Amino acid sequence: MKFDIVTIFPRMVEAGLAEGVVGRGIERGLLDVKVHDLRAYTTDRHRTVDDVPYGGGPGMVMKPEPLARAVDDIACRRGTPGAVVLLSPQGRPFTQGEAVRLSRLSHVVLLCGRYEGVDDRVRTTVATDELSIGDYVLSGGELAALVVVDAVSRLVPGVVGDAQSVEEDSFSRGLLDCPHYTRPPEFAGQKVPGVLLSGHHEEVRRWRKMTALRRTLERRPELLTSAALDEEERAMLEKIRQEQEREP
Ligand code: 9D3
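It should be emphasised that the depicted structure is a prediction, and the values quoted were computed from it without experimental measurement.

1. Observations concerning the domain arrangement of the chain
What the domain assignment lists for the chain is domain 1 (2–153) and domain 2 (168–246). Just the C-alpha atoms count here: the centres of domain 1 and domain 2 sit 38 Å apart.

2. Some remarks on the sheet that holds strand 3 (residues 50–51)
Read across the open sheet, the three strands follow the order 3-4-7; overall the sheet is mixed. Looking at strand neighbours, the two that pair on one side only are strand 3 and strand 7 (117–118), the edges of this open sheet. Here two bridges tie strand 3 to strand 4 (residues 61–62), and the two strands are oriented antiparallel to one another. Each bridged residue has a counterpart across the sheet, and for Asp-50 the counterpart in strand 4 is Met-62.

3. Describing the site of the ligand
Residues in close proximity to the ligand total 16 residues, the closest being Glu-116, Ile-133, Gly-134, Tyr-136 and Leu-138. Here a nitrogen atom of the ligand sits 2.8 Å away from a polar atom, N or O, in the main chain of Tyr-136. A distance of 3.4 Å is found between an oxygen atom of the ligand and a backbone nitrogen or oxygen belonging to Gly-141. Out of a free accessible area of 570 Å², the ligand has 72% covered by protein chains. Of all elements in the fold, only strand 5 (83–93) and strand 8 (129–132) reach the threshold of two or more residues within the shell around the ligand. The element that contributes the greatest number of residues to the shell around the ligand is strand 5, accounting for three residues. A breakdown of the residues in the shell around the ligand according to their chemical character gives nine nonpolar, six polar and one charged.

4. As for the sheet that holds strand 6 (residues 107–112)
Pairing between the strands of a sheet is mediated by backbone hydrogen bonds and can be parallel or antiparallel. Spatially, five strands are ordered 2-1-6-5-8 in an open sheet, and the strand pairing comes out parallel. With partners counted over all chains shown, the strands left at the sheet margins are strand 2 (32–37) and strand 8, one partner each. Taken over all neighbouring pairs, the strand axes of this sheet differ in orientation by 30° on average, direction set aside. The sheet contact formed by strand 5 and strand 6 spans five bridges and is parallel. Note that in strand 6 the partner of Ala-83 across the bridge is Val-108. Contacts from helix 4 (residues 96–103) reach strand 5, strand 6 and strand 8, with the element oriented near 170° to strand 5. Running over the sheet, helix 6 (residues 142–153) touches strand 1 (2–7), strand 5 and strand 6 and is turned about 175° from strand 1.

5. With respect to helix 1 (residues 10–17)
Of all the positions in helix 1, only Pro-10, Val-13 and Leu-17 are classed as buried. For helix 1, the angular spread of the buried residues around the axis is 70°, confining them to a single face. Residues of helix 1 that are exposed and angled more than 90 degrees away from the buried face: Arg-11 and Ala-15. Where the residues of helix 1 are buried, they touch strand 1, helix 2 (20–27), strand 2 and helix 6.

6. What to know about the pairing of strand 1
Burial analysis of strand 1 places five of its six residues in the buried class, the great majority of the element. Taken together, the six bridges between strand 1 and strand 2 define a ladder with parallel strand orientation. Paired with Asp-4 across the bridge in strand 2 is Lys-34. Where strand 1 meets strand 6, five bridges bridge the pair, whose relative direction is parallel. For Ile-5, the partnering residue across the bridge sits in strand 6 and is Leu-110.

Analysis parameters
Residues numbered from 1 in each chain as written. Predicted model: local features only at pLDDT ≥ 70, side-chain atom pairs only at ≥ 80, totals over all residues. Heavy atoms only, no water. Domains from an automatic or database assignment. Pairing = 2+ DSSP bridges. Helix = DSSP H or I, 4+ residues; strand = E, 2+ residues; numbered from the N terminus. Near = heavy atom within 4 Å. Polar contact = N/O pair within 3.5 Å; in protein donor to acceptor, adjacent residues only side chain to side chain. Areas by Shrake-Rupley, 256 points an atom, 1.4 Å probe, with all protein chains shown as cover. Nonpolar A, V, L, I, M, F, W, Y, C, P; charged D, E, K, R; others polar. Axes fitted to C-alpha atoms, helices over the stretch in contact; angles between N-to-C directions. Contact = heavy atoms within 4.5 Å. Buried < 20%, exposed > 50% of the residue type's maximum accessible area, 1.4 Å probe, protein only. Arc of directions from axis to C-beta.

Structure, rendered in structure tokens:
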């Protein structure tokens, strides 16, 4: 899968791509990620990428021409992308569902904004999608682009070594994960739940399902309205809801 990331901070993005699952995916040739310095697509002596806002007000706005030229050049050199994503606080929420959708494309371009924002004609004429990674204020789109590349790359076959862990991932199941433990059997006065040491695989499986459901109900109840629960899970949820009624 190919990604092209356009930014005024190429070193910041390169650093985020070099490590971990994405770094290894690049090394192994499963991911082809290129980072483009937006200033390379300016034409003036000062390599200007921003300008004052029409209508006045504080801050600066990113000019449309360098971003449009960057996307044109990427399309010429690297092929027409399946999506051109503008990262912005006004975008639709980036979810696991969006990650799955993008992972079905073979080439995605990501545009990172800075300053107060990006001239809206980039959204309307250059971008095909506008995504936000959550309701908090970042200083620009670079970290958001890295989040998108990470989440999408994990879905590219072979990038994550253990395909099972991708499939069982909490959000692809629509539930939070169960608690995890490793040695030692007691730490800071806290024992590992006995069932995990018991060797009863069926009991372990049920305990994991039960704790995952309990956590989801307690911390993120809204996830349960869209989670695809099987028969067993619906019965467990009923039991947990009864537990909660008894001890409010
Ligand atoms: C302080 C400026 N804000 C005034 C109301 C608006 C604003 C402009 C630009 C807020 C943040 C940004 C930069 N953020 C992004 O480019 C961004 C982002 C984010 O801030 N949160 C979540 N997802 C994203 S994706 C891109």
